[in-house]
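# Structural overview
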Amino acid sequence: MNFRELHPNIKLRLGVGFVQRLLGIMLMPLMVIHLASLYGAATAGVLTLAVAVAGIASNFLGGHLADVHGRKPLMVAGEVGATLTFGLLALANSPWWQSGAATFVLFLLNTCLASAATPAADAMMIDVSTPENRTLVYTVNYWSINMAFTVGALIGGFFYGDHFALLLTAAAALSAVTTLVTWWWIAESAPQYAKAQAAGVPAMLRGYLAVSRDRVFLRLMVAATLTRAVEVQIGYYIAVRLADEFPEQALAGLERWFPAVDGVAMLGILRAVNTALVVVFALFAGSMFRRLSERVQLYAGVAVFTAGYMVLAVSNSGWILIAAAVLMTLGEIANVPVKQGLLADLVDPAARTKYLAAYGLNARVGLLVGSLCVSVGAFVSPLGMSLLYGAFGLGAILIYRSLLPLREARRAAGQEPGGRQDDTAEQQDPAAAEAARPAGPPAARPAQNGAPS
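What counts as what
Residues numbered from 1 in each chain as written. Predicted model: local features only at pLDDT ≥ 70, side-chain atom pairs only at ≥ 80, totals over all residues. Heavy atoms only, no water. Helix = DSSP H or I, 4+ residues; strand = E, 2+ residues; numbered from the N terminus. Buried < 20%, exposed > 50% of the residue type's maximum accessible area, 1.4 Å probe, protein only. Contact = heavy atoms within 4.5 Å. Areas by Shrake-Rupley, 256 points an atom, 1.4 Å probe, with all protein chains shown as cover. Axes fitted to C-alpha atoms, helices over the stretch in contact; angles between N-to-C directions. Left-handed = near helix turned anticlockwise from the far one by under 90°. Nonpolar A, V, L, I, M, F, W, Y, C, P; charged D, E, K, R; others polar. Phe/Tyr/Trp six-rings, centres within 6.5 Å; stacked < 30°, edge-to-face > 60°. Patch = residues over 30% accessible without salt bridge, like charges linked within 9 Å, V, L, I, M, F, W, Y side chains within 5 Å. Salt bridge = Lys/Arg side-chain N within 4 Å of Asp/Glu carboxyl O. Parallel < 35°, antiparallel > 145°, perpendicular 65-115°, else oblique. Core = buried A, V, L, I, M, F, W, Y, C linked by side-chain atoms within 4.5 Å. pLDDT = per-residue confidence, 0-100. Expected span 1.5 Å × (residues − 1). Bend = angle between axes of the 7 residues up to and from the residue.

### Considering the overall build of the chain
Scanning the chain from N- to C-terminus turns up 18 helices and two strands. Looking at the chain as a whole, 50% of its 453 residues qualify as buried. Pairs at least 24 residues apart make up 83% of the contacts formed inside the chain by residues separated by at least 6 positions. Working note: accessible area of the chain is about 20300 Å², and carbon and sulfur atoms make up 69% of it.

Next up, the structure:
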């Protein structure tokens, strides 16, 4: 399977997703900086928190609506909303009109609309992919995210000072293009039985309650949160440790060309190494790891990724830290696509967007754990923090080890990609089919007669 053979929806979504992430990464920090310049840092913090909370709520609402009404309506609404809000933001920060209140309201609306459309877009990638090509799909998607981060951060940093309104105008224009692409060329992909669900707030709450009772999904969430908690450490405990403990030093062999670096500069080098390696090597992950099974790729990837962070937590040698950054990046490249494919295979397709909306909480919980680790690090030695990271990684591997056989059992029982049970296989081997069913409650699975749950 190569990129040209993928479903057209996937190729279009990868392009649209790249533009969306580029705009988000480019403008989100700038909006926070702009609000701080208008209202002060303290007020800007409260406003940003309100935007974040509203985004989470919109994510859950969008997860329900996309299961009821399909993926495309939510995606088109998100693109239209982005176009309008970016255009009005440009107007509210133009030479003709300056309004801090309008800027905040439009920023809030933009975030809510984008968050509501995200589960639908993620679910569409699963709808039209197969177990055989999902590793490729998520590898390309992973590369796209990092490329968008690199390009977006550079553009935003260089043009914010005197060209903020121009950036917002360009964002509106790009969003108009992605709106047209989504409207004209991306096809609806939601399974018909998935859309046959009850609408309304009570139905939404029942749906998310069913998701919260799915023990398989909860294990996926815990494993993802553990790896996310390790990943964010470079911006939390490791950043603080390097700033406080890393002795200023010249990198051996480069003294003539580069000055000595302190902990903050070393942190920047480590992040640059990580981003550069992902951009350069992620697209070649398939050939790099083609001799490894998905099982080995996942276990070894998480182990190597965790080992790299364990070294970052204790070492004060510049080159050892760089080697650790290379190590953890290779582990990241190896395990991320496999984890995403495992998620795609194990969630219930009848409530796919609800599952993906809930799954997004792992990133926020990981950030919370990362902030707590800064406080813990004030009382625990670097070696202790390193061992804590090791425990997180080991816990994630053990959980994934319990989930991979379950996926294989479902496939062997004749389930379709994503978790829907094949009726023929169920009739031939009822015991195997029953063992392969999702672990969630009956409400979490599509009704046999297609009626709304």
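### A few points about the packing of helix H10 (residues 263-281) against helix H13 (residues 318-346)
Following both chains from N to C, one finds H10 and H13 inclined at 35°, their axes separated by 9 Å at the closest point. H13 is crossed by H10, and the crossing has right-handed handedness. Residues Met 266, Ile 269, Leu 270, Val 273, Asn 274, Leu 277, Val 278 and Phe 281 of H10 form the contact with H13, whose own contacting residues are Gly 318, Leu 321, Ile 322, Ala 325, Val 326, Met 328, Thr 329, Glu 332 and Ile 333. In terms of residue class, the contact of H10 with H13 is built from 13 nonpolar, three polar and one charged.

### Some details on the packing of aromatic side chains
For the coordinates displayed, the defined rule picks out four aromatic pairs. Ring plane angle 85° and centroid distance 5.0 Å describe the contact between Phe 217 and Tyr 355, whose orientation is recorded as edge-to-face. Of this pair, Phe 217 sits in helix H8 (residues 215-231) while Tyr 355 sits in helix H14 (residues 352-359); the two residues are 138 residues apart in sequence, bridging distant segments of the chain. For the pair Phe 217 and Tyr 355, a shared accessibility class is recorded, and that class is buried.

### Topic: a nonpolar patch on the surface
Taken together, the side chains of Val 280, Phe 281, Leu 283, Phe 284, Met 288, Val 326 and Leu 330 present a nonpolar region at the surface, about 550 Å² in accessible area. Counting residues per element, the ones that place at least two in the nonpolar patch are H10 and H13. Looking at the secondary structure, you find Leu 283 in the loop between H10 and helix H11 (285-288).

### Here's the deal with the pattern of salt bridges
What the rule picks out here adds up to 10 salt bridges. As a salt-bridge pair, Lys 354 and Asp 67 come within 3.4 Å of each other at their nearest N and O atoms. Residue Lys 354 is found in helix H14, and its partner Asp 67 is found in helix H2 (residues 41-69); the two are separated by 287 residues along the sequence. Residue classification places Asp 67 among the buried positions, given a relative accessible area of 0%. For the salt bridge of Asp 345 with Arg 134, the shortest nitrogen-to-oxygen distance reads 2.2 Å. Linking Asp 345 in helix H13 with Arg 134 in helix H5 (residues 134-184), this pair joins segments that are 211 residues apart in sequence. Asp 345 gets classed as buried once you look at its relative accessible area, which sits at 7%. Here the residues in one salt-bridge network are Asp 67, Arg 71, Asp 127, Arg 352 and Lys 354, joined through shared partners.

### What to know about the packing of helix H12 (residues 294-312) against helix H16 (residues 382-412)
With their axes 9 Å apart at the nearest point, H12 and H16 run at an angle of 170° to one another. Judged by the inter-axis angle, H12 sits roughly antiparallel to H16. Counted together, Glu 294, Arg 295, Leu 298, Tyr 299, Val 302, Ala 303, Thr 306, Tyr 309 and Met 310 of H12 and Ser 386, Tyr 389, Gly 390, Gly 393, Ala 396, Ile 397, Tyr 400, Arg 401, Leu 404, Pro 405 and Arg 407 of H16 form the full contact between these two elements. The residue inventory of the contact of H12 with H16, partitioned by class, reads 12 nonpolar, four polar and four charged.

### Quick notes on the nonpolar core
Core analysis: the largest hydrophobic core is formed by 60 residues, its most contacted members being Phe 217, Leu 270, Tyr 309, Leu 312, Tyr 400 and Leu 403. Breaking this core down by element, the ones donating at least two residues are helix H4 (100-127), H8, helix H9 (237-245), H10, H12, H13, H14 and H16. Setting aside residues no more than four positions away along its own chain, Tyr 309 makes contact with Val 230, Glu 231, Gln 233, Ile 234, Ile 238, Met 328 and Tyr 389. If you look at the next biggest cluster of nonpolar residues, it comprises 25 residues, including Val 19, Leu 35, Phe 86 and Ala 171.

### Structural notes on the environment of Ala 307
Among the structural elements, Ala 307 can be located in helix H12. The exposure class of Ala 307 is partly exposed, given its relative accessible area of 28%. Distance in space between the C-alpha atoms of Ala 307 and Gly 393 is 8.5 Å, their sequence separation being 86 residues.

### Quick notes on the confidence of the model for the chain
On average, the chain scores 85 in pLDDT, and the residues at 70 or more come to 88%. Predicted confidence is poor over residues 416-453, with pLDDT under 50, and the contacts of this stretch with residues over four places away or in other chains come to 71 contacts.

### Details of helix H1 (residues 8-39)
Compared with an ideal rise of 1.5 Å per residue, which puts 32 residues at 46 Å, H1 spans 45 Å between its outermost C-alpha atoms and is within 8% of the ideal. Helix geometry: H1 is bent most strongly at Leu 27, by close to 30°, with proline Pro 29 lying one to four residues after it.

### A short note on the environment of Ala 285
Turning to its location among the elements, Ala 285 is positioned in helix H11. For Ala 285, a relative accessible area of 4% corresponds to the buried category. Note: C-alpha distance between Ala 285 and Thr 135 (150 residues apart in sequence) is 9.6 Å.

### Concerning the environment of Ala 116
Position of Ala 116 relative to the elements: it lies in helix H4. On the basis of relative accessible area, Ala 116 is assigned to the buried category, the value being 16%. As for Ala 116 and Ile 56, which are separated by 60 residues in sequence, their C-alpha atoms are 8.7 Å apart. Other than its neighbours up to four places away in sequence, Ala 116 contacts Ser 58, Asn 59, Gly 62 and Leu 74.

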